[in-house]
Amino acid sequence: MSGWILPQAELGPFLQTVREQMQVFAPTAVEAEGLCALRPLNGAIGPPDTEARRTMLPPKKLLLPNNETLFTFDAEGYHPAPVDDAPTVLFGLHPCDLRAISLLDRFFGARIADQRYVQRRAATRLIGADCLPDDACFCHSVVASEPRDAVYDLFLWSLEDRFWVTVNGESGAALIDLDRKRFRHPRPADRLALQRRQQLRARMLENGRARRQARGDAQWSWREWSAACFTCGACAMVCPTCVCTTQEEHPSLDGASGERVRRWSACLYQNYDRAAGEHHFRNERMERARNRFEHKMLGCGVGEEGVKCVGCGRCVVNCPAQLPLGEALERAAGNLQRAQAIKAAAANPGGEES
Ligand code: SF4
Ligand code: SF4
C-alpha cells in the first residue's frame, strides 16, 4: 500500500492550511451534551482527537440536512432555495461512514439525481481516519470495516505518533499539495506499524463479535424486539444510510406565499405510509420494524439491492429501549452471506472457476 507519513504534531498545522481554502468539520467532544459531534473547526487547531468514537449524528447531516427549504413560492412563481455548497472538508470519517457516503452517492446521485445533494457532495472532500471499535461496532460483518470504496480523498491510519496517509485520486493529491512539506515518504518500520494497527483492529472486531455471541443477544426474534420497540425512530435518525424524508408545505396565513420543506423521517413512524382513506401499508409495529431492517439488509427495491447497513453501531447505542439491534442486523447479514454462497454454489455445481 503506497502512501505518505504525517507526524501527529503536523496534523493540526496541516488542517489549519486546509482551512484557509475551505471549511473543515471534524469530530468534536461536546462535553455539556456528553456526545461527539461533527462540528466546524474554529480557532487555532491542535491535534484533533483521531481516536474519537462515533459521532451521534452521521456525516449525512452535512450532505442532506435534516431540515431544509427546497423552494419558496409567491405570486411570481417558484424560487429554488439556494444550496450551501461552500468548499468543505469532512475530517475523521471512519470506514463505516465512508461506506455510508458511497451508498448515499448511489442513492441520491445515480438514477434520479437529487441536485441539492449532488451539488453539496461535489464541493465536499473526505478525509477518513481509522478507529478502534467498541462492542457496538459490527462493520466487518457487513463488509464496511476497511476504506474499500475509494470514496475518500485521504485516509489516515493511526500509528501512535504519526499517520499513514493513503491518497485517492487527484483531489486527494491536491489536498496533500496544499502543504506537502509536512509529509514524508514511508520507511519499512512504518509499513510494519501499519500492519500491526490493521491486525489490532481486526482482532478487536472479532473479539466484539465473540462477546455478543456469548451473550446470546442475536437470538432475539423480530417479533420479540419489535414488541419492545417504542417506534421512536431514533435508530433511523442516527443512521448514516437511512434515506426516508417527508416534505411539508408551509403557506403564509394569507396563502400568498410559502415554502416547501424537506425533513428527515422514518419508515418506522406509523404516519410515514399513511394514505388517503386512512389506509396504512404497514399498520403493525412489527411490520414497520421488519420493513426497516429488511431494507437495511436487502436494499430498497429494483436498482437499490444490497446491504445498506454499515455496522456503525449508532442505532445500538442510541436506542432508548436498549434493543440488541446490531445483533439482529449482524445475524441477518450472516444469513444473507450464507444464502448468497448457497446460490453461487447452485449456479456453479462443479465449482469450476469462471
Ligand atoms: S431506537 Fe429502538 S425503540 Fe426507537 S424505533 Fe429504533 S428500535 Fe424502536
Ligand atoms: S442500521 Fe444501525 S448499525 Fe446499521 S448503518 Fe444504520 S445506524 Fe449503523
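A. Molecular detail of the nonpolar core. Ranked by internal contacts, the top residues of the largest apolar core, which has 31 residues, are Val142, Trp225, Met297, Val310, Leu323, Leu325 and Leu329. Those elements that place two or more of their residues in this core are helix H3 (95-109), helix H8 (234-237), helix H9 (285-298) and helix H11 (325-347). In terms of residue count, the dominant contributor to this core is H11 (five residues).

B. Representation of the packing of aromatic side chains in the model. Counted by the stated rule, this structure contains seven aromatic pairs. Here Phe155 and Trp157 contribute two aromatic rings whose centre-to-centre distance is 5.1 Å and whose plane-to-plane angle is 65°, an arrangement assigned as edge-to-face. Residues Phe155 and Trp157 agree in their burial class; the two are buried. Three or more aromatic residues joined by ring pairs form one cluster here, namely Phe71, Phe73 and Tyr78. Over the face of the ring belonging to Trp264 we find Lys60, whose NZ or CZ atom lies 4.4 Å from the ring centre. Positioned above the aromatic ring of Phe293, the side-chain terminus of Arg292 is 4.8 Å from the ring centre.

C. The site of ligand 2, seen in detail. Around ligand 2, the structure places 13 residues, and the nearest of them are Cys239, Cys309, Val310, Cys312 and Cys315. Within the residue set of the shell around ligand 2, elements represented by two or more residues are H9 and helix H10 (314-318). Grouping the amino acids of the shell around ligand 2 by side-chain chemistry returns eight nonpolar, two polar and three charged.

D. Inspection of the site of ligand 1 at higher detail. Around ligand 1 sit 13 residues, and of these Cys229, Cys232, Gly233, Cys235 and Cys319 come closest. Residue classes in the shell around ligand 1 are distributed as 11 nonpolar, two polar and no charged.

Basis of the calculations
Residues numbered from 1 in each chain as written. Chains lettered and ligands numbered in written order. Predicted model: local features only at pLDDT ≥ 70, side-chain atom pairs only at ≥ 80, totals over all residues. Heavy atoms only, no water. Core = buried A, V, L, I, M, F, W, Y, C linked by side-chain atoms within 4.5 Å. Buried < 20%, exposed > 50% of the residue type's maximum accessible area, 1.4 Å probe, protein only. Helix = DSSP H or I, 4+ residues; strand = E, 2+ residues; numbered from the N terminus. Phe/Tyr/Trp six-rings, centres within 6.5 Å; stacked < 30°, edge-to-face > 60°. Lys NZ or Arg CZ within 6 Å of the ring centre and 35° of its normal. Near = heavy atom within 4 Å. Nonpolar A, V, L, I, M, F, W, Y, C, P; charged D, E, K, R; others polar.

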